[in-house]
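Coordinates in review
Here is what each chain is made of, one letter per residue.
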Amino acid sequence: MEHPFLFFVKFFELIGLGHFAHAYPHVIYSWVTIAILIIVGAIGTKSISLIPNKFQNVLELAVSGLEEFMVDITGDEGRWFFPLIGTIFLYIFLCNIMGLIPGFFPATANLNTTLSCAIVVFLFTHIIGIRYHGIKYIKHFTGPIWWMIPIILPIEVIGHFARVLSLSFRLFGNLMGHELVLTILFFLAGAFFAPLPIMVLGILVALIQAFIFYMLSTMYFTEAMEHSH
Amino acid sequence: MEAQALQYFIAAVTAAGFGIAIAAFGCGIAQGLGLRSAVEGIARNPESSGKVTVTMLIGLAMIESLCIYALVISLILIYAAPMTGTVTKLLGH
């Protein structure tokens, strides 16, 4: 289903990349999100002072709130991977909330974007596990008793791959379903502002879905850090 | 070939409709149970409302994601089924 009007796709048409932009609008809007994050970050950190101005105050509130919430789950030793998790949250949240602006397309309404985030989380879980436990990380997969390995190992491996599936499909399905409902309502009764209530709901969906992705990945990382029981 | 394609499409659309209906049924019950317990908890101990609300919202979103999986499958059945191209051509006449 082609979106009726996408602002940045038109912009890329003007440069002469219209073919690419029409085939992959989610890539374009992912770039827009990344650009916004980089610009806001650059402006916010340009003049850091002990007495923060308004803009720095807002950014500090957001980042420290996220970090404190994460440290509540992981404990103090997990503070070092906050940059990754915080970036994932901000990126997904901005992608989600962008879909509410007319002429914009949420990049997370495509399976490729969400799958890339989920695979990063999946790989990083095992990197953390190997970093904390070395070769003993295999004990996370083998269960408590040695003769139960043939039963436990396949279940654990399937479980770890199902994480990728559930993380990516949950986010994609929510955003895609939301976009679809908006489009259908717009074509049914767009003149009577029928999509408006769903758009209000969309703010909630954007926040909660980004939050769930963030919290679940934090929990996976914590689990990889802990000792197997 | 065309009759077969149409038959396949009808089957796919029926399956999609029933699939999302059943999923919504189960999710409705589950979310209702979760919501009821959260409201009871808040009524008993109003100070805990902040924490209960956050946990409840997360739990509800987790339950809802099950319904979303069914939605994704339904969308695949309707939009990405192999016969859709043939059927749309058929209906276009």
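Analysis parameters
- Residues numbered from 1 in each chain as written.
- Chains lettered and ligands numbered in written order.
- Predicted model: local features only at pLDDT ≥ 70, side-chain atom pairs only at ≥ 80, totals over all residues.
- Heavy atoms only, no water.
- Helix = DSSP H or I, 4+ residues; strand = E, 2+ residues; numbered from the N terminus.
- Rg over C-alpha atoms; globule rule 2.2 N^0.38 Å.
- Buried < 20%, exposed > 50% of the residue type's maximum accessible area, 1.4 Å probe, protein only.
- Contact = heavy atoms within 4.5 Å.
- Areas by Shrake-Rupley, 256 points an atom, 1.4 Å probe, with all protein chains shown as cover.
- Lys, Arg positive; Asp, Glu negative; His and termini not counted.
- Charge placed at Lys NZ, Arg CZ, Asp CG, Glu CD.
- Salt bridge = Lys/Arg side-chain N within 4 Å of Asp/Glu carboxyl O.
- Expected span 1.5 Å × (residues − 1).
- Core = buried A, V, L, I, M, F, W, Y, C linked by side-chain atoms within 4.5 Å.
- Axes fitted to C-alpha atoms, helices over the stretch in contact; angles between N-to-C directions.
- Parallel < 35°, antiparallel > 145°, perpendicular 65-115°, else oblique.
- Nonpolar A, V, L, I, M, F, W, Y, C, P; charged D, E, K, R; others polar.
- Buried area = accessible area lost by both parts, 1.4 Å probe.
- Polar contact = N/O pair within 3.5 Å; in protein donor to acceptor, adjacent residues only side chain to side chain.
- pLDDT = per-residue confidence, 0-100.
- 1 Å grid on protein atoms, 1.4 Å probe; cavity = no way out; pocket = protein on both sides within 12 Å on 5 of 7 lines; lining within 4 Å.
- Points joined across faces, edges and corners; volume = space filled by probe spheres on them.

What about the overall build of chain B?
- A tally of regular secondary structure across chain B gives three helices and zero strands.
- Relative to the globule expectation of 12 Å for 93 residues, the C-alpha radius of gyration of chain B, 20 Å, shows a markedly less compact shape.
- Principal-axis analysis of the C-alpha atoms places the extent of chain B at approximately 65 × 15 × 15 Å.
- Across the 93 residues that make up chain B, the buried fraction comes to 23%.
- Expressed as a percentage of contacts within chain B between residues at least 6 apart in sequence, the contacts between residues at least 24 apart total 80%.
- As presented, chain B carries roughly 6000 Å² of accessible surface, and 73% of it is formed by carbon and sulfur atoms.
- Computed over 4 positive and 4 negative side-chain charges, the separation of the two mean positions in chain B equals 5 Å.

Here's the deal with the overall build of chain A
- Regarding its fold elements, chain A presents nine helices and zero strands.
- Along chain A, helices (α) and strands (β) appear in the sequence α-α-α-α-α-α-α-α-α when read from the amino end.
- In terms of overall dimensions, chain A has a C-alpha envelope of 65 × 50 × 35 Å along the principal axes.
- Here chain A holds 229 residues, and the buried ones make up 41% of them.
- Element-wise, carbon and sulfur atoms account for 76% of the exposed surface of chain A, whose accessible area totals about 13100 Å².
- Computed over 9 positive and 12 negative side-chain charges, the separation of the two mean positions in chain A equals 4 Å.

Comments concerning the pattern of salt bridges
All names here are of chain A.
- Counted according to the given criterion, the structure contains four salt bridges over all chains.
- Notably, a salt bridge pairs D76 with R79, separated by 3.1 Å at the nearest N-O pair.
- E223 is the salt-bridge partner of R163, the closest N and O atoms lying 3.0 Å from each other. Of this pair, R163 sits in helix 8 (residues 149-189) while E223 is found in helix 9 (residues 196-225), placing the two residues 60 residues apart along the sequence.
- By relative accessible area, R163 is classed as buried at 14%.

Observations concerning helix 2 (residues 49-79) of chain B
- For helix 2 of chain B, built from 31 residues, the straight-helix expectation of 45 Å at 1.5 Å per residue is met to within 8% by its first-to-last C-alpha distance of 43 Å.
- Turning to helix 2 of chain B, the residues buried within the fold contact helix 8 and helix 9 of chain A together with helix 1 (2-44) of chain B.

Some details on the nonpolar core
- The biggest cluster of nonpolar side chains holds 47 residues, and the ones touching the most others in it are Y29, F81, I92 and F213 of chain A.
- Secondary-structure elements contributing two or more residues to this core are helix 1 (7-15), helix 3 (25-46), helix 4 (54-74), helix 5 (82-98), helix 6 (111-133), helix 8 and helix 9 of chain A together with helix 2 of chain B.
- Broken down by element, the residue count for this core peaks at eleven residues, all from helix 9 of chain A.
- Apart from the residues lying within four places of it in its own chain, the contact partners of Y29 of chain A are L6, F7, F8, V9, M98, G103, F104, F105 and A107 of chain A.

Some remarks on the packing of helix 1 of chain B against helix 2 of chain B
All names here are of chain B.
- Relative to each other, helix 1 and helix 2 sit at 175°, their axes nearing to 8 Å. By the angle class used here, helix 1 and helix 2 are roughly antiparallel.
- In terms of residue class, the contact of helix 1 with helix 2 is made up of 22 nonpolar, five polar and one charged.

Remarks on the interface of chain A and chain B
- Contacts between the two partners involve 16 residues from chain A and, on the opposite side, twelve residues from chain B.
- Of the roughly 1200 Å² buried at the junction of chain A and chain B (both faces included), carbon and sulfur atoms supply 81%.
- There are zero salt bridges connecting chain A and chain B.
- Counting the contacts that link chain A with chain B gives two residue pairs in polar contact (both at pLDDT 80 or more).

Re the confidence of the model for chain B
- The share of residues in chain B with pLDDT of 70 or more is 90%, and the mean pLDDT across the chain is 85.
- Interface scoring of the predicted complex returns ipTM 0.70; its pTM is 0.84.

Considering empty space enclosed by the protein
Residues and elements named next belong to chain A.
- In the structure shown here, the tally under the stated rule is three cavities of 30 Å³ or more.
- In this model, the largest cavity occupies a volume close to 50 Å³.
- For the largest cavity, the full set of lining residues is A118, V121, F122, T125, H126, H160, R163, V164, L167 and Y220.
- Looking at the lining of the largest cavity, the elements with two or more residues in it are helix 6 and helix 8.
- Considering each element in turn, the lining of the largest cavity owes the most residues, five residues, to helix 6.
- Its residues assigned to classes, the lining of the largest cavity comprises six nonpolar, three polar and one charged.
- What lines the second largest cavity is simply N96, L100, L175, H178, G202, V205 and A206.
- Elements represented by at least two residues in the lining of the second largest cavity include exactly helix 8 and helix 9.

Considering the confidence of the model for chain A
- Looking at chain A, the pLDDT average stands at 86 and 97% of residues meet or exceed 70.
- Confidence, read as mean pLDDT per element, is least for helix 2 (residues 18-23) of chain A in chain A (77) and greatest for helix 5 of chain A (92).

Regarding unusual backbone geometry
- Phi is positive for F193 of chain A, which is not a glycine, with a value near 55°.
- Its place among the elements puts F193 of chain A in the loop between helix 8 and helix 9.

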